[in-house]
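Summary of the model geometry
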Amino acid sequence: GAVVSQHPSRVICKSGTSVKIECRSLDFQATTMFWYRQFPKQSLMLMATSNEGSKATYEQGVEKDKFLINHASLTLSTLTVTSAHPEDSSFYICSARASGGRGPSTDTQYFGPGTRLTVL
Amino acid sequence: DAKTTQPPSMDCAEGRAANLPCNHSTISGNEYVYWYRQIHSQGPQYIIHGLKNNETNEMASLIITEDRKSSTLILPHATLRDTAVYYCIVRGNNAGNMLTFGGGTRLMVKP
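Residues numbered from 1 in each chain as written. Chains lettered and ligands numbered in written order. Predicted model: local features only at pLDDT ≥ 70, side-chain atom pairs only at ≥ 80, totals over all residues. Heavy atoms only, no water.

A separate point is unusual backbone geometry. For the bond running from His7(A) to Pro8(A), omega is 0°, close enough to zero to count as cis. With respect to the element layout, Pro8(A) can be found in the loop between β1 (4-7) and β2 (10-13). In this structure, Ser41(B) takes a positive phi of about 65° despite not being glycine. (Helix = DSSP H or I, 4+ residues; strand = E, 2+ residues; numbered from the N terminus.)

Residue and element names in this part refer to chain A. Mapped onto the secondary structure, arginine 37 falls in strand β4 (residues 30-38). Buried and without a salt bridge, arginine 37 has aspartate 88 as its closest oppositely charged side chain, separated by 4.7 Å. Apart from the residues lying within four places of it in its own chain, the contact partners of arginine 37 are Ser43, Leu44, Met45, Met47, Phe67, Ser90, Phe91 and Tyr92. (Buried < 20%, exposed > 50% of the residue type's maximum accessible area, 1.4 Å probe, protein only. Lys, Arg positive; Asp, Glu negative; His and termini not counted. Salt bridge = Lys/Arg side-chain N within 4 Å of Asp/Glu carboxyl O. Contact = heavy atoms within 4.5 Å.)

Further remarks concern the packing of aromatic side chains. Residues and elements named next belong to chain A. By the definition in use, this model includes 12 aromatic pairs over all chains. Consider the rings of phenylalanine 67 and tyrosine 92, whose centres lie 6.4 Å apart with planes at 40°: the pair is tilted. Remark: tyrosine 92 occurs in strand β9 (residues 90-98) and phenylalanine 67 occurs in strand β7 (residues 67-73); sequence separation between them is 25 residues. Taking the relative accessible area as the measure of exposure, tyrosine 92 reaches 0% and is therefore buried. (Phe/Tyr/Trp six-rings, centres within 6.5 Å; stacked < 30°, edge-to-face > 60°.)

What follows deals with the sheet that holds strand β7 (residues 70-75) of chain B. Residues and elements named next belong to chain B. With antiparallel pairing, the 4 strands of this open sheet are ordered in space as β2-β7-β6-β5. With one partner strand each, in any of the chains shown, β2 (18-23) and β5 (55-56) form the two edges of the open sheet. Bridge count for β5 against strand β6 (residues 61-64) is 2 bridges, and the pairing is antiparallel. Along β6, the bridge assignment pairs glutamate 55 with leucine 62. (Pairing = 2+ DSSP bridges.)

For the rest of this paragraph, the subject is the nonpolar core. Among the nonpolar cores identified, the biggest contains 43 residues, and Phe28(A), Tyr36(A), Phe111(A), Leu117(A), Leu99(B) and Phe101(B) are the most heavily contacted of them. Sort the elements by how many residues they give to this core and β9(A) lands first, with 6 residues. Setting aside anything within four residues of it in sequence, one finds Tyr36(A) in contact with Leu44(A), Met45(A), Leu46(A), Met47(A), Phe91(A), Tyr92(A), Ile93(A), Ser95(A), Gln109(A), Phe111(A), Leu99(B) and Phe101(B). Ranked by size, the runner-up nonpolar core spans 21 residues in total, among them Ile27(B), Trp35(B), Ile48(B) and Val109(B). (Core = buried A, V, L, I, M, F, W, Y, C linked by side-chain atoms within 4.5 Å.)

Further remarks concern the environment of Ile12(A). Residue and element names in this part refer to chain A. On the secondary structure map, isoleucine 12 appears in strand β2. On the accessibility criterion, isoleucine 12 (61% relative accessible area) is exposed. Taking the C-alpha atoms as reference points, isoleucine 12 and serine 89, 77 residues apart in sequence, are found 9.1 Å from one another.

Dropping the structure here:
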């Protein structure tokens, strides 16, 4: 149990285009999902927290109009990088926190495999 | 959330126990200690977590000192596939709390 998937696993796009990354909790419901970004040889940095059915909360310095987050259901969150530029190239990782009930340990965050974005 | 301090790197011989330390001297009473690891180019993998009692699962053991100011993650028989960056994170279990990653410990398991 406690599987989180991301799609696509890697994407290459041209500068100025938009890219959508999907994050799904496969075998549990996630009231809260998180999006992280990781640059080479650095640790994960939290970008935003999203709760199902409400607007995401962005960390300081993260542009909400550039990184659009939608958390439409208890198993799906999407991150759209709008008008991507080369400096947006990074490893994007989502995380889902289990809601109450049976299954994985409540309140534990489980991570997806990541999406490597390269903007040319 | 309280900050943690971990050594930047450690080596361990294959088959031996790997003991990864973590200091969290400012931990508060309702904060849990979580351990994750990240193998190169993958998302972090949950290992174990605890509040004050020692914990064990199929992956590892977590030993938390009585004053809760430090903990040790133990991989009883390290294999080459355990080579990864290990993150010790302290987090409250309220709905608004999230995981904040520090630098972690890069564990190299050697044959």
